[in-house]
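# Descriptive structure summary
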Amino acid sequence: MLDLHFVRENLTEVQTALENRRASAEAFETLKSFTTVDAERRRWIAKSDKSNADRNKLSQEIGALMKEKKAEEALGLRSQVTYLKEQIAELDQLRDEAEERMREILSTLPNVPHESVPVGADESANREIRRWGEPPAFDFDAKDHVDLGARLGILDTERASKIAGARFAILKGAGAVLSRALVNFMLDLHTREHGYEETLPPFIVNRDALFGTGQLPKFEQDLFKLTDERGLYLSPTAEVPVTNIRREEMLDASELPLKSVAYSPCFRSEAGSYGRDTRGLIRQHQFEKVELVKIARPEDSYDELESLTRNAERVLQLLGLHYRVVALSTGDLGFSAAKTYDIEVWLPSQKTFREISSCSNCEAFQARRAQIRFRREPGGKPEYVHTLNGSGLAVGRTWLAILENYQQADGSIRVPEVLQHYMNGMERIEARKG
């Protein structure tokens, strides 16, 4: 959430940020209503201040009359003081209500993009930062992961739809082993080489947690909500529970940065249609990720974003998968992010790069919503931390990228060397006989 005082004092900058983000007309109306409510708040404050001044003046007059032993005259003034006290209480309540409405308004406005973010309407304005590796060269027609998985008997979307409907999948045999191997490989890499603490969070979260990271109130339609009276939701990403571990806490600067890595299943309704993305594992209602989360000092957060992105890239490098890193434009930026790098892996079947990780610095946007603060020294002024997150990586998309990039002419899949240990020495995934 944006800082109330920042928005009040920098309305033009916030409006420009909304324009650069290609925000909806509703967002601009929301910002306009903020100024209206702020004017109301200022009016209540001015009236309250005047009533306070009048009360103080009357109190002085009462004191003077009491010294002159004019108790009867003082009694008449006391009734006016009582009235003013009641009026001040009402005005202060109106001020508080206005401030609450302002906070509600701010909860629906996106973050202000960092100055380094490319300005553009959509993903076409994203800026490529770097590439790694080369795409595989096949002397046969490359198949997509759906055909490969079906022929190998390791991916079944038809029977999954019988159980749960469209956009679910069943992984079987070596396919399930490969998925588990990827999770273990990623967790080991990030904890042993990159210094993250492994965390296993709840997979069900409450409204406060979702508000803290920015999914609520704006994106409720993308969530799976449980139907009981507790108001709980299936977690859309481990970013939500892991960031909220420190919600409403005061941290010491010496603790920072906090670095957590968590495996979690993720659940997203995403009611819209995405064409070819609904085929196979590209965009599922249920998927798995290994998520990286950092909580950092403000002055360190952009260095931490660079290192977090490199940590996620390292997974693809060790797997030998061709990829690129792009900086998202203002029009493609997520709601809570001030800056985001997307890591996109090469898919031979589509002859293009597809997102496999988004690494974002949310600055103080989430920390303000979740009330995560720190002190630089004992008794020092509380400051908001900066929060960062990124997939390290999305397991399903890594799984399908391995199938497509390591496919062989006979339809088998060569297992990347770094995963063979996690798959009990398996070097190749082949169709089961019989």
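Residues numbered from 1 in each chain as written. Predicted model: local features only at pLDDT ≥ 70, side-chain atom pairs only at ≥ 80, totals over all residues. Heavy atoms only, no water.

## Examining helix 5 (residues 145–152)
Think of an α-helix as turning once every 3.6 residues; residues three or four places apart then point the same way. Along helix 5, the residues classified as buried are H145, V146, L148, G149 and L152. The buried residues of helix 5 occupy one face: seen down the axis, they fall within an arc of 165°. Considering only its buried residues, helix 5 is in contact with strand 2 (155–156), helix 12 (395–405), strand 16 (413–414) and strand 17 (428–429). If you check the start of helix 5, you find a side-chain oxygen 3.2 Å away from the backbone N of V146, and it comes from D144. Note on helix 5: the residue one or two positions beyond its end, G153, has a positive phi of about 75°. (Buried < 20%, exposed > 50% of the residue type's maximum accessible area, 1.4 Å probe, protein only. Helix = DSSP H or I, 4+ residues; strand = E, 2+ residues; numbered from the N terminus. Arc of directions from axis to C-beta. Contact = heavy atoms within 4.5 Å. Polar contact = N/O pair within 3.5 Å; in protein donor to acceptor, adjacent residues only side chain to side chain.)

## Notes on unusual backbone geometry
Looking along the chain, the bond that leaves L256 and enters P257 is cis, with omega of 0°. The topology assignment puts P257 in the loop between strand 7 (250–252) and strand 8 (258–267). If you check the backbone angles, R167 has positive phi at about 65° while not being a glycine. Phi is positive for N424, close to 55°, though the residue is something other than glycine. On the secondary structure map, N424 appears in the loop between helix 13 (417–420) and strand 17. Judged by its relative accessible area of 76%, N424 falls in the exposed class.

## As for the pattern of salt bridges
Pairs can form between side chains of opposite charge whenever their charged atoms are close. The full count for this structure, using the stated rule, is 26 salt bridges. Among the ionic pairs, R8 bridges to D38, the shortest N-O distance being 3.1 Å. Of this pair, R8 sits in helix 1 (residues 4–9) while D38 sits in helix 3 (residues 25–67), and the two are 30 residues apart along the sequence. For the pair R8 and D38, one class covers both residues: buried. (Salt bridge = Lys/Arg side-chain N within 4 Å of Asp/Glu carboxyl O.)

## A short note on the packing of helix 7 (residues 174–192) against helix 10 (residues 301–319)
Their axes nearest at 11 Å, the elements helix 7 and helix 10 cross at an angle of 125°. Comparing their axes, helix 10 and helix 7 come out oblique. Regarding helix 7 and helix 10, the two cross each other, and that crossing is right-handed. Contact residues: helix 7 offers L182, F185, M186, L189 and H190, while helix 10 offers N311, A312, R314, V315, L318 and L319. Tallied by class, the residues present in the contact of helix 7 with helix 10 amount to eight nonpolar, two polar and one charged. (Axes fitted to C-alpha atoms, helices over the stretch in contact; angles between N-to-C directions. Parallel < 35°, antiparallel > 145°, perpendicular 65-115°, else oblique. Left-handed = near helix turned anticlockwise from the far one by under 90°. Nonpolar A, V, L, I, M, F, W, Y, C, P; charged D, E, K, R; others polar.)

## Re the nonpolar core
Within the largest apolar cluster, 51 residues are counted, with the highest numbers of intra-cluster contacts made by L178, L182, W399, I402 and I429. Among the elements that make up this core, the one with the highest residue count is helix 7 (nine residues). Apart from residues lying up to four places away in sequence, L178 is in contact with W399, I402, L403, L419, M423 and I429. (Core = buried A, V, L, I, M, F, W, Y, C linked by side-chain atoms within 4.5 Å.)

## Re the side chain of N389
Mapping N389 onto the fold places it in strand 15 (residues 386–394). What makes N389 buried here is its relative accessible area of 6%. A distance of 3.4 Å separates polar atoms of two side chains, one belonging to N389 and the other to E239. Aside from chain neighbours lying at most four places away, what touches N389 is E239, E291, L292, V293, L308, S358, C359, S360, C362 and Q366.

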